[in-house]
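Structural characterization, general
If you want the building blocks of each chain, they are given just below.
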Amino acid sequence: MRRKTYYWISIALVLLLLSSLACGLSDGDEATATPAPPPPPATQPPAEPTDAPDVEAPESTTPRSGAVSSLESVQSAVIQIEAQGSFVDPQVGLQLNVAGSGSGFIIDESGIAVTNNHVVTGAALLRVWVGGESQPRNARVLGVSECSDLAVIDIDGEGYPYLEWYDGPIATGLDVYAAGFPLGDPEFTLTRGIVSKERASGETNWASVDAVIEHDATINPGNSGGPLVTADGKLVGVNYAGAFSVNQYFAIARDEAIKVIDPLRAGQDVTSIGVNGEAVADGSISGIWVASVKSGSPADRAGVRGGDIITMIEGLILATDGTMSDYCDILRTHGSDSTLRVEVLRYATEEVLEGQLNGRELEQVFSFAQEIEDQVGADLGEDFTGGTGYDEYMEVWDDTDTLVMEIPVEWSRDFDGRPYLADDGSLYAADVQASTDLDAFWSTYSTPGVRFLASNLLAQDYDEGSLLDEFGGGYGDCVYDGRFEYDDGLYTGLYDLYADCSDVGSIIAELAAVPDHRGYIIFIQIQAVTEADLDALDRILATFMVAGDMP
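About the thresholds
- Residues numbered from 1 in each chain as written.
- Predicted model: local features only at pLDDT ≥ 70, side-chain atom pairs only at ≥ 80, totals over all residues.
- Heavy atoms only, no water.
- Pairing = 2+ DSSP bridges.
- Helix = DSSP H or I, 4+ residues; strand = E, 2+ residues; numbered from the N terminus.
- Contact = heavy atoms within 4.5 Å.
- Axes fitted to C-alpha atoms, helices over the stretch in contact; angles between N-to-C directions.
- Salt bridge = Lys/Arg side-chain N within 4 Å of Asp/Glu carboxyl O.
- Buried < 20%, exposed > 50% of the residue type's maximum accessible area, 1.4 Å probe, protein only.
- Phe/Tyr/Trp six-rings, centres within 6.5 Å; stacked < 30°, edge-to-face > 60°.
- Lys, Arg positive; Asp, Glu negative; His and termini not counted.
- Core = buried A, V, L, I, M, F, W, Y, C linked by side-chain atoms within 4.5 Å.
- pLDDT = per-residue confidence, 0-100.
- Arc of directions from axis to C-beta.
- Polar contact = N/O pair within 3.5 Å; in protein donor to acceptor, adjacent residues only side chain to side chain.

Some remarks on the sheet that holds strand β31 (residues 545-546)
- On the basis of which strands lie adjacent, the open sheet formed by three strands has the order β21-β22-β31 and antiparallel pairing. Taken across any chain shown, the strands that pair with only one partner, and hence form the sheet edges, are β21 (393-397) and β31.
- Against the sheet, helix α9 (residues 531-543) touches β21, β22 (403-408) and β31, its axis set at about 160° to β22.

Digging into the pattern of salt bridges
- The final tally for this structure, using the stated rule, is 19 salt bridges.
- Measuring nitrogen to oxygen at the nearest pair gives 2.9 Å for the salt bridge that ties Arg137 to Glu133.
- Arg346 serves as the salt-bridge partner of Asp308, at 2.8 Å between the closest nitrogen and oxygen. Remark: Arg346 occurs in strand β18 (residues 340-346) and Asp308 occurs in strand β16 (residues 308-313); sequence separation between them is 38 residues.
- Through salt bridges that share partners, Asp469, Arg483 and Asp496 make up one connected network.

Here we look at unusual backbone geometry
- Located in the positive-phi region is Leu183, a residue other than glycine, with phi close to 60°.
- When its relative accessible area of 58% is taken as the criterion, Leu183 is described as exposed.
- Its identity as a non-glycine residue notwithstanding, Asn358 has a phi of 60°, on the positive side.
- Within the secondary structure, Asn358 is located in the loop between β19 (351-357) and β20 (363-364).

A short note on the pairing of β19
- Burial analysis of β19 places five of its seven residues in the buried class, the great majority of the element.
- Pairing analysis gives seven bridges linking β18 to β19, with the strands arranged antiparallel. Paired with Glu343 across the strands is Glu354, a residue of β19.
- Where β19 meets β20, two bridges bridge the pair, whose relative direction is antiparallel. Of the residues in β20, the one forming a bridge with Glu354 is Glu363.

Quick notes on the packing of aromatic side chains
- For the coordinates displayed, the defined rule picks out 15 aromatic pairs.
- When the ring of Phe452 is compared with that of Phe544, the centres are 5.6 Å apart and the planes differ by 80°; the resulting orientation is edge-to-face. Here Phe452 is found in strand β26 (residues 449-455), whereas its partner Phe544 is found in the loop between α9 and β31, with 92 residues between them in sequence.
- For Phe544, a relative accessible area of 0% gives the class buried.

Examining the side chain of Asp533
- With respect to the helices and strands, the residue Asp533 is situated in helix α9.
- Despite being buried, Asp533 has no salt bridge partner; Arg413 is the closest side chain of opposite charge, sitting 11 Å away.
- If near-sequence neighbours (up to four positions away) are discounted, Asp533 is found in contact with Tyr390, Trp411, Pro448 and Ala528.

A few points about the nonpolar core
- Counting residues in hydrophobic clusters, the biggest one holds 37 residues, and the most contacted among them are Met405, Val450, Phe452, Ile522, Ile524 and Phe544.
- Contributing elements (two or more residues each) for this core: β21, β22, β25 (427-435), β26, β28 (492-501), β29 (506-514), β30 (521-528) and α9.
- If one sorts the elements of this core by residue count, α9 sits on top with six residues.
- In contact with Met405, other than residues within four places in its own chain, are Met394, Glu395, Val396, Val432, Val450, Phe452, Ile540, Thr543 and Phe544.
- Membership of the second largest hydrophobic core comes to 33 residues, among which are Ala77, Phe105, Ile112 and Ile261.

Here's the deal with the pairing of strand β6 (residues 137-145)
- The pairing of strand β5 (residues 125-130) with β6 spans two bridges and is antiparallel. Residue Val128 lies in a different strand from β6, and its bridge partner there is Arg137.
- Between β5 and β6, which follow one another and run antiparallel, lie six residues, and Gly131 among them has a positive phi close to 60°.
- Bridge count between β6 and strand β7 (residues 150-155): six bridges; the pairing is antiparallel. Counted as the bridge partner of Ala139 is Ile155 from β7.
- The turn joining β6 and β7, which pair antiparallel and follow one another in sequence, is formed by four residues; a positive phi near 50° is taken by Asp149.

Quick look at the confidence of the model for the protein
- On average, residues of the protein carry a pLDDT of 84, and 82% of them reach 70 or more.
- Long-range and interchain partners of residues 1-64, a stretch whose pLDDT sits below 50, account for 133 contacts in this model, where long-range means more than four residues apart.

Some words on helix α8 (residues 464-471)
- Listed in full, the buried residues belonging to α8 are Glu464, Gly465, Leu467 and Leu468. Looking straight down α8, one finds that the buried residues subtend no more than 165° of arc, so they occupy a single side. What points out from α8, more than 90 degrees from its buried face, is the exposed set Asp469 and Glu470.
- Where the residues of α8 are buried, they touch α7 (456-461), β27 (479-487), β28, β29 and β30.
- The N-cap of α8, judged by a side-chain oxygen 3.2 Å from the amide nitrogen of Gly465 a few residues on, is Asp463.
- At the exit of α8 stands Gly473, carrying a positive phi of roughly 80°.

Next up, the structure:
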């Protein structure tokens, strides 16, 4: 059965200590041997001695290596990358035709280069400056891994200097140098430090890397994707993160990087569905915020867009700890090419979508608020106002710790979680009520609020229809719009709609629902006075649940 998801998100996000360093706002051909002159024919008489001609000595047939062999030469193989495109930032919103910058390094004379996934994925075009050149070159992405935060690109041209991997032990105390083009500056930067920890945690809000080196060679925004090298210019790791306040910086370790880079350069994505995103968790919603999507990727084919939040994959709620850990573990378990159920919150349109990666496309799931608006239609009163939406929601429980739902913070001003008691004083049902003013909620049509009740005893005497008949109705100043079927994947039932109530024009929805086993029955009553209240109604019906043992 489908777990419930949320229909609204506070844009204030909780970021982790480890912060992304990606984006600031910017030939020798192989020699050929010269053949020696042929010997004179044996049938000719000996020639008169003459001065020997000047003959150029043949060049070696051994290819010359373009590999960097000194720290001074590292710059020639380090690149600055400008990725241009449109991205959806969780704090700023849609950014059209923006350019972010990062670093990278060449690993093959043909122009194969390594950088971070978050530098390039989803960009419309890449411009690359090699070794501080004044003119950019074009490049194309060969493969990406959002979980390892690595990408391999192919730069136009041939005959480039390149970096080779360090083949010694990467031990604490090893002298290392961070190379790159930080802060969008075209001037090459090299900083010095040591390896301070051989294996650090690689869990961040934008990646989940198994092997990470901690060092103290300073890196800044724009250093992401650049190399961490030894004193003789050999590769130790790929810089990708830093904690400035404690002078700790992190690089994807050599062995981890190599095993991912090899398939990437062959054009195969690794632990990736093709998104440039980050984990978000603010207490009311969690998931993977998508800034951009790689064209043709599983995410793109499913219909995921920039600005979406991937809330669940295979029924597992993502990013509850604020990292990409669970998301990446799912991809490592199943493989990126497997068919995986996915649920997405499209924040821009307040839709919840369901579909499959490598399967059926996303489509909108049941929106109760939209269903109500469609059903009551013209019966919406003239006084039913638009509202601006509620900024914050909170999770509330009844006093028996049985019922849970999310309500607008404003509705917690008048809250009652006491159980519903029978005439003899025994507990009859778990009950929770919330409003800005409960007395006004029960006595007028002008105050929004909710009541959520559930009971196993009621289930013995009533089904969904008879419960609505017994507990609901009686709104003489409202227009009755009818009884409709309800199914959210967890509960099924019936609901009644009342619209254009009194001179306020409010809406009342009453729901009776049961789980598959029908061991208890639920009754929910919600009064909506504005469009904002309809959003709250959707949030309540997306989050209500009998989560404890029924008393």
